[in-house]
Amino acid sequence: MNTAAPRAVMCLRLHPADGAPLGAEAYAGVLALLDGLTPAVQALPPDGALADVRGALRYFGCDAGRLAAVVRVRSLALYGVDCTVGVAGNPMLARAAAREARPGGTLVIPDEPAAVVGFLAGKPVTALDGIGPKAARTLCSYGLDSVGRVAAAPPAALRRILGARLGREVQERALGIDRTPVRPGAAARAIAAERAFDRDELDPVRHRRALLSLTQELGAKLRTQEGGRGQVCRALSLTVRCADRTTLTRTRTLSEPTAHSDALTATAYALYEGLGLQRARVRALSLRAEDLIPAERAARQLSFDPQDEKARRLEAVTDRVRARFGPHVIARGTLAA
C-alpha cells in the first residue's frame, strides 16, 4: 500500500503592501521564511516563489490554506510584503492558481482529478504551458479551443495533429499532470528585466515600446551569457504591475529554445495581448527569460526565410559592436527617441 503523502506545491506572488517595487532584501527575506518551512523552495524572480510544502503540512498538522495564511502574516509582519498564493498538486497548477487568486488571497485546488479538471476545463487552450500561437491555431482549427476539449480528445488524434511528443505533453497538461519538480536553487536558470514608468501609463503603444526595450535587453544578455557562448530560454514570463497594486503574470513555453530578440518580442506581445488589458493604468512591466540552457545544447529549426537569417546576422554584428563600444551605442529607431 502506498502511504506517501500527496504533493502540495505553493506558488507565491509577492507585492509590498505600500505598492512600492519589491526590493531585493525583502524578496530574500520571504525566501528565507519559506526555507524555514521546507527545503524545497525555488525562487521565481523578480517577485515569485515555488515551495513544495508536502512535508510542512504533515509536520505542522495543518491544511494548505492555514499554512498559506501563516506565510502571509509572517511575510507582512516581517517584511511588509503581502502574498497572493496558489496551492495545488504540482507547479503548473500552483502557478495557475496564483494567477486566478484575488490579490492578497489564497486559492487552493484540491488534489483530486475532478477538481483539477473542473478548474482547467473552461480555460482557453492558450492557458496551457507549452502551447504557442502556432500550436493554438492548429488545435483551434480542429475545434479544440478549450482545455476541456483537449483533455477529452482521443490521444491518437492529438499525436496526429501535434506530433507524438507534443501531443502527449499537451494532453497531460490539459488533464492537470505536470511531472516537473520544485527545483531548489533554480533561480540562476532565469534572468529578468523591468521597466517602471514615470507615471501610471495608460497608452498601449508605450506599453509595447517598453516590452520591445525589455526583449532587446534580455536577448542581448542571453547571447552573451556563459562567457560569450550564450544561453537560450525555453519560456518567457510577463508581469504587469498596475496602479491599484494588482499584479498580473502570464508565462508561455516557447516553440523552441531561443535568444533571438525578434522571437522574444513576438512572444512578449502575445502575452501582453492575452491579458486583455483595457485602459489599465500600468506602473511597471517586467519580463523573465526562464529555463535557461547553454545555446550549444539547443536544437534550432532551420528557416528558409532570408529575412530571418538576415535579422540574426545583424543581431550578431550588433552584439559585437555593443560589447566593444557600450550597450547604448546602437538602438532600434523606435527606442532611440
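Quick caveat: nothing in here was measured; it's all calculated off a predicted structure.

Attention now goes to the packing of helix α1 (residues 24-35) against helix α3 (residues 64-79). Running from N to C, α1 and α3 cross one another at 140°; their axes reach a closest spacing of 10 Å. In the crossing of α1 with α3, the sense of the turn from one axis to the other is right-handed. Packed against α1, whose contacting residues are Ala26, Gly29, Val30, Leu33 and Leu34, the element α3 presents Val71, Arg74, Ser75, Leu78 and Tyr79 at the interface. For the contact of α1 with α3, the per-class residue count stands at seven nonpolar, two polar and one charged.

In regular strands, side chains alternate between the two faces of the sheet. Among the 13 residues in strand β9 (residues 282-294), ten count as buried, and that is most of the element. Here eleven bridges tie strand β7 (residues 231-242) to β9, and the two strands are oriented antiparallel to one another. Residue Cys242 lies in a different strand from β9, and its bridge partner there is Val282.

This next bit is on the side chain of Asn90. Relative to the elements of secondary structure, Asn90 occurs in the loop between β4 (81-88) and α4 (91-100). Classification of Asn90 by relative accessible area gives buried; the value is 6%. A polar contact of 2.8 Å, which involves the side chain of Asn90, links it to the backbone oxygen of Gly176. Apart from residues no more than four positions distant in its own chain, Asn90 is found in contact with Arg7, Val9, Gly176, Ile177 and Asp178.

The rules behind the values
- Residues numbered from 1 in each chain as written.
- Predicted model: local features only at pLDDT ≥ 70, side-chain atom pairs only at ≥ 80, totals over all residues.
- Heavy atoms only, no water.
- Axes fitted to C-alpha atoms, helices over the stretch in contact; angles between N-to-C directions.
- Helix = DSSP H or I, 4+ residues; strand = E, 2+ residues; numbered from the N terminus.
- Left-handed = near helix turned anticlockwise from the far one by under 90°.
- Contact = heavy atoms within 4.5 Å.
- Nonpolar A, V, L, I, M, F, W, Y, C, P; charged D, E, K, R; others polar.
- Buried < 20%, exposed > 50% of the residue type's maximum accessible area, 1.4 Å probe, protein only.
- Pairing = 2+ DSSP bridges.
- Polar contact = N/O pair within 3.5 Å; in protein donor to acceptor, adjacent residues only side chain to side chain.

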